[in-house]
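Topology and contacts: notes
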Amino acid sequence: VEINQSIRPSPGTKLLSISFAVPQTYRSSTYSQEIQDFEIKASPSQSRIESREDQLGNRIRTYFWENPAGEIRTTVSVRARNTVLLDSLRLREIPFPFPHKAGGLQVYLEPSAAVQSDHPQIIQLAGQLSAGLDRQYQVVEAVQRWVVSNLHYVLQPDRYDALWALTGKQGNCQNYSHLSAALLRSLGIPVRIVNGITLDWPYQIEIEQDIFQFEMARGRHSWIEVFFPGLGWLPFDSQQSEFFVSNRYVRFEVGADNEQAINDGLVRWSGALQQGAPRVSETISAERIQENLALRGMIVDPSLPKMLLTPPVQAGRPLLARQDTAKTVLPVEAPEVPQVDFTALSYEKKFSYGNTDFPEHVNFAFSRTSTRAGQLTRNFLVETAEYVTSKEQFAQVFILNRPVKLEYIDLALHNFGGSGAIWIELSEDRDGRPGETAAASRRIPVQYFQNSVGYRWVRFDFNAEGLILSPGNYWIRLVYSGGPIINWFYSYGKNTGPANGTRSRSAENRDWNKVHAFEFIYRIVGKTAPWPIK
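Only a predicted model underlies this, so the values are computations on that prediction, with no experimental measurement involved. (Residues numbered from 1 in each chain as written. Predicted model: local features only at pLDDT ≥ 70, side-chain atom pairs only at ≥ 80, totals over all residues. Heavy atoms only, no water.)

Things to note about the overall build of the protein
- Tallying secondary structure elements over the protein gives four helices and 34 strands in all.
- Taken over C-alpha atoms, the radius of gyration comes to 25 Å for the protein, in line with the 24 Å a tight globule of 534 residues would show.
- Across its three principal axes, the protein shows a C-alpha extent of roughly 75 × 60 × 45 Å.
- Taking all 534 residues of the protein together, 55% fall into the buried category.
- Sequence-distant contacts in the protein: of pairs separated by 6 or more residues, those separated by 24 or more amount to 78%.
- When the accessible surface of the protein is split by element, carbon and sulfur atoms take 45% of a total near 23,500 Å².
- In the protein, 55 positive and 55 negative side-chain charges are present, and the distance between their average locations comes to 2 Å. (Helix = DSSP H or I, 4+ residues; strand = E, 2+ residues; numbered from the N terminus. Rg over C-alpha atoms; globule rule 2.2 N^0.38 Å. Buried < 20%, exposed > 50% of the residue type's maximum accessible area, 1.4 Å probe, protein only. Contact = heavy atoms within 4.5 Å. Areas by Shrake-Rupley, 256 points an atom, 1.4 Å probe, with all protein chains shown as cover. Lys, Arg positive; Asp, Glu negative; His and termini not counted. Charge placed at Lys NZ, Arg CZ, Asp CG, Glu CD.)

Have a look at this one:
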């Protein structure tokens, strides 16, 4: 993995420093990381280097430049051997509650400004989730299931603390981590925050006739580790996995919260600045040298609205196993529709619906903001997008609970170039998959779809179709001719649709059997009629 930074100091900068967290070898019962090489290069050469180890065991190197006159470039390179083993975990013997007071765990039991484990709302919810449970793994899983099911992902939240995530039911990776930590700490379970990077290599799990695909963006990420007596720390990604993280995670730094674990990539400066804060860009590249991967799975609870991955616990028995696990089909529930002549209704009220939150016109390489005077921390704003004009075809479900006269469908896209045209084909649902094409939008020539900074709404016109959609499930498919190079932005998890509502297939395959854990950004625009009909 290679992390490249470019820092342009403002004229008048007297002293500028950049800190780096040195990744360390780490082992748990499920995820292990062996660091084989680590190197930092800087140009021009630094004035001095300071090395230290903080009270949590993080190793920090800080590079200083006095009176920097031009651009500073740094390159961090690391080679890691990451292993994930999903054998049965022996967690059933650990009771709840369990006293966690010794061994340096106290810092991970205490509240903080970002992890408000002493707040009445946090305490109340944690008590409800843990009621009647007498094993720690049950409590931890109950919390994770609640967080995954009730929060929806946004890239740019107003705040990053646990309480904001709880009250608004939304957040980015920091919010997910802080809320999980707050709920568990309020119950006396130690949790620490981990910062590192994730790599954008998808991995697949075969489950009956479907292939479930999971992937993260390439960029900075925050997750948690939970302490289990006798086993030590186990990693969790509060957005999608419990008791493990995949080998696409590279671990750099830990803290009681993300306000404490800020050292990696931290830029500080002082002086009489003439043009404000320095301008910082960052790019991350990675090479997969070798990988051995074999995964299979089953759906334990089809009622869970979002995907949550877990290994088996003791003797191969899945957590919270149900008696009806033989039925592993995830339904895409359609609303009940009364017998109505929808063409006879009056469509006058404006209608807009979809998964709509994304950062418009953002340059992800230059996305840092100052959290306090004289300091820039790394952030977690990542580019989550799929290349959708390849040989693989993608489809996104949307569910209407009322009739709509369709005017437009907007997609969050970025044009990287090429030629040809793009358009949307719309189909009804057929057994949880896209059916035959029912309607198509006007085509947009790529030359009229201008390149811009970041992603923006692109409008696909359906007005000529005079299309009236009754309540039900429909699928959006982005189709193209020629050779355009288009990315479609997505959000982690399922903000508006069902767990299996994003699918793809290869050009040679007619069955939409690949299920994605993300949800594309889309907006349905039109007019609706009075509903429901009495």
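Focus: the sheet that holds strand E7 (residues 72–84)
- In space, the five strands of this open sheet follow the order E3-E4-E7-E1-E17, with antiparallel pairing throughout. Each edge of the sheet is formed by a strand with only one pairing partner; in this case those strands are strand E3 (26–27) and strand E17 (279–285).
- The pairing of strand E4 (residues 31–43) with E7 spans 12 bridges and is antiparallel. Looking at E7, one finds that Glu39 is bridged to Ser77. (Pairing = 2+ DSSP bridges.)

Examining helix H4 (residues 173–185)
- The end-to-end C-alpha separation of H4 is 18 Å, in line with the 18 Å expected for 13 residues at 1.5 Å each.
- Its side-chain oxygen at 3.0 Å from the backbone nitrogen of Gln174, Asn172 defines the N-terminal cap of H4. (Expected span 1.5 Å × (residues − 1). Polar contact = N/O pair within 3.5 Å; in protein donor to acceptor, adjacent residues only side chain to side chain.)

Side note on the packing of helix H1 (residues 120–130) against H4
- Between H1 and H4, the least distance of the axes is 8 Å, while the angle of their chain directions is 70 degrees. Considering the angle they form, H1 stands roughly perpendicular to H4. Facing Ile122, Leu125 and Ala126 of H1, the residues of H4 in contact are Leu179, Ala182 and Leu183. (Axes fitted to C-alpha atoms, helices over the stretch in contact; angles between N-to-C directions. Parallel < 35°, antiparallel > 145°, perpendicular 65-115°, else oblique.)

Details of the packing of aromatic side chains
- Within the structure shown, the criterion is met by 25 aromatic pairs.
- Measuring from centroid to centroid gives 5.8 Å for Tyr203 and Phe214, while their planes differ by 25 degrees, and the two rings are stacked. Residue Tyr203 is located in strand E11 (residues 203–207), and its partner Phe214 is located in strand E12 (residues 210–214); the two are separated by 11 residues in the primary sequence. Note on accessibility: Tyr203 and Phe214 belong to one class, buried.
- A centroid spacing of 5.3 Å and a plane angle of 70 degrees characterise the contact between Phe227 and Trp233, whose relative ring orientation is edge-to-face. Like Phe227, the residue Trp233 is buried in the burial classification.
- Joined through ring pairs, the aromatic side chains of Tyr153, Tyr176, Phe394, Trp488, Tyr490, Tyr492, Phe518 and Phe520 make up one cluster.
- One cation-aromatic arrangement involves Arg443 over Trp423; the distance from NZ or CZ to the ring centre is 3.5 Å.
- Geometry around Tyr408 places Arg459 over its ring, the cationic atom sitting 4.3 Å from the centre. (Phe/Tyr/Trp six-rings, centres within 6.5 Å; stacked < 30°, edge-to-face > 60°. Lys NZ or Arg CZ within 6 Å of the ring centre and 35° of its normal.)

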